[in-house]
Amino acid sequence: MNSPVNQIKERLTIEEVVSSYIPLVKVGNTLKAKCPFHNEKTPSFFVSNERKSYYCFGCSKGGDIFSFVEEFEGLDFKGALKLLAEKANINLNDFQVENTDEKDNLFKVMEEATRFFEKNLSLNPEALKYLKSRGLEENTISEFRLGFAKDEWRDLVTYLVGKGFSHEIILRAGLIKKKDENEKNYDRTYDRFRFRIMFPIMDSSSRVIAFSGRYLGPDKGEMTPAKYLNSPETPIFSKSEVLYGLHKAKDSIRKNNFSILVEGQMDLLLSHQIGFKNTVATSGTAMTGEVLTKDKNVSNLGLVRRLSPNIIIAFDGDKAGLSATERASKIALNLGMDVKITKLQEGIDPADFIKEYDKEEWKKVIKNSKHIIEFILNNILDEFKSDPRKIGKLIREKVLPYVLLLQSGIDMNFFLRLISEKSGISIDALTQDLDTLSLEQKNNFKNNETVNPFIPSKEENLEDRERKILNYLIGMIFWQKEKDEHNNELIKIIKYLETILNQDLYTFLLNNKINKEELVFKTEEFYSNKEEGFVWGDLTDMLKELKILSLSKKAKDMENDLNNIDVFKEFNLIKIQIEDIKNGRFNFE
Ligand SMILES: [Zn+2]
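Residues numbered from 1 in each chain as written. Predicted model: local features only at pLDDT ≥ 70, side-chain atom pairs only at ≥ 80, totals over all residues. Heavy atoms only, no water.

*Asks:* So what exactly am I meant to see when it comes to the sheet that holds strand E13 (residues 279-281) here?
*Replies:* Strand pairing in a sheet relies on backbone hydrogen bonds. The paired strands run either parallel or antiparallel. Strand order in the open sheet formed by five strands is E13-E12-E14-E15-E16, and the pairing between neighbours is mixed. Strand pairing shows two members of the sheet lacking a second neighbour, E13 and strand E16 (370-371), which therefore form its edges. Pairing of strand E14 (residues 310-313) with strand E15 (residues 338-341) involves four bridges; the strand directions are parallel. Considered in E15, the bridge of Asn-310 is made with Asp-338. (Pairing = 2+ DSSP bridges. Helix = DSSP H or I, 4+ residues; strand = E, 2+ residues; numbered from the N terminus.)

*Asks:* Just to check I follow, could you spell out the packing of helix H10 (residues 246-256) against helix H12 (residues 300-307) for this structure?
*Replies:* Packed helices, taken two at a time, are described by the angle between their axes plus the distance between the axes. Contact pair H10 / H12: the axes reach a minimum separation of 9 Å and the direction vectors enclose 30 degrees. In terms of orientation, H10 lies roughly parallel with respect to H12. In contact with Leu-246, Lys-250, Ile-253 and Arg-254 of H10, H12 contributes Leu-303, Val-304 and Leu-307. (Axes fitted to C-alpha atoms, helices over the stretch in contact; angles between N-to-C directions. Parallel < 35°, antiparallel > 145°, perpendicular 65-115°, else oblique. Contact = heavy atoms within 4.5 Å.)

*Asks:* I tried to follow the nonpolar core on my own but got confused; where do I start?
*Replies:* Generally speaking, nonpolar side chains in soluble globular proteins are found buried as a group. Of all hydrophobic cores here, the largest spans 78 residues; its most connected members are Ile-8, Phe-45 and Leu-301. The greatest single-element share of this core, amounting to nine residues, is contributed by helix H17 (residues 388-405). Judged by nonpolar contacts, the second largest core, of 59 residues, contains Ile-169, Ile-176, Ile-354 and Val-365. (Core = buried A, V, L, I, M, F, W, Y, C linked by side-chain atoms within 4.5 Å. Buried < 20%, exposed > 50% of the residue type's maximum accessible area, 1.4 Å probe, protein only.)

*Asks:* I tried to follow the pairing of strand E10 (residues 208-215) on my own but got confused; where do I start?
*Replies:* The two faces of a sheet get side chains in turn, since along a regular strand they alternate between them. Across the eight residues of E10, eight count as buried, placing the element largely inside the fold. In this structure, strand E9 (residues 196-202) lies alongside E10, joined through seven bridges in antiparallel fashion. Residue pairing across strands places Arg-196 opposite Tyr-215, the latter belonging to E10. Once E9 ends, the chain turns through five residues before running back antiparallel as E10, passing Ser-206 with a positive phi of about 70 degrees.

Written out as structure tokens, the structure reads:
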């Protein structure tokens, strides 16, 4: 039977998959984009429908639709398979499931727990009443699969064991706790989540990977459990790789070209409920300022950034909310995002606001959001109207550090002028302060610009130069081979190359772990618009130079043994050969 992977590949082109994430531009026969996997100003990311693959010259990432989705969404292969199967309208249940590993079992136990909590909620009027009192509709509750954990110690674990899950896997999933770390007896484990509304956190292929639980029980004074309790990190849950609601938000973020970041689940749910589906929430997760996490997966905000560089942060309007806003802004700015902030009255969070007012009012709040620099500047100017010296000090301490995080000189200029106009401080003074600050803390961003990989520089040593030419030749050979037009010439070239290499080409590729796909892409990029004669002329030149290099290397190895008459004779022959080739007597046929 045709595997699901093959069926999906038949139904989806690489172009439609990639372009559902990032805009592709057609240049001649090639499709280009700015690479989603590294920061760049000019596009070096190429997509080939013919070869069903993509390749980036800047960061060397390449592959097919599956590796693209894995990389972009930060999913494992099975997660990517699930997403692409849905896209291609293929039912994975029609195919036999291969042997399962630990992660599969963790996904299964989380799914079963989610169902259990969902059922609990439907049978618990009190919990449902609470959710409705917060403004949630049935649809939203079921769409986000909210649930309820009863006020019992072993409710979930008893159910899951009854369903055939081992204590070990339930524990690994973070659903139960041991009374004591060293406890061997699983009878002494208990449910982590009790008396809580359960919010499942899902990965971008909608698999439940964690829970955030909100306490719903009575106030017990100092003995009251924490209001929010989150799953611990597990093999399927890394706090820095996911945001709450991202699985439902990603399409809308891309389409609207901005995201809205809120703090709480309720903020997110109400926001989605009134149609702002480009909203994600930080609750139960953690943000990092790196695109990649320590496990080399894409970070939560890194993924949001790939979908759109524009983000609006809508946190609570209180002091804690403000400092969380500043922290999140710095992270987003570090990722090169454009950050705006909404202004809410103190003590009001987005959920309260949306419930109190309506969609149109929320739209206004979003529309009136201000760039983080202007937002903080306005706060300072409002608060210290009558104290210009204090304002100057605060601008240096609280505003200029954000200016330094801007990745564009034009933006920096724009905001310096804005600060100057609003505060009355001269641009010169601001620039001076900025320079001092810059010396103290500015990070040096590495420049990722790429260079033409095929121009061997003259200063290179023989090995490097030889390697570059070989790469070129291999790319050229396999590129031409795909065209199926110059087979006779190619066979001759390959034969000649093999005499230089002293082994057959495929063995050489294998031994040197050469990825010919990558080389074909490079060659195609640099030669696809050139004339045929030019391409073949270059090819001959490269072959010629490679031969000279290989002879020179041989001669060099002999230099220490020139006392030996046989070596001396051969050395001279090689020198003559080299001269001959240089003088145009070169024929690879
Ligand atoms: Zn790249």
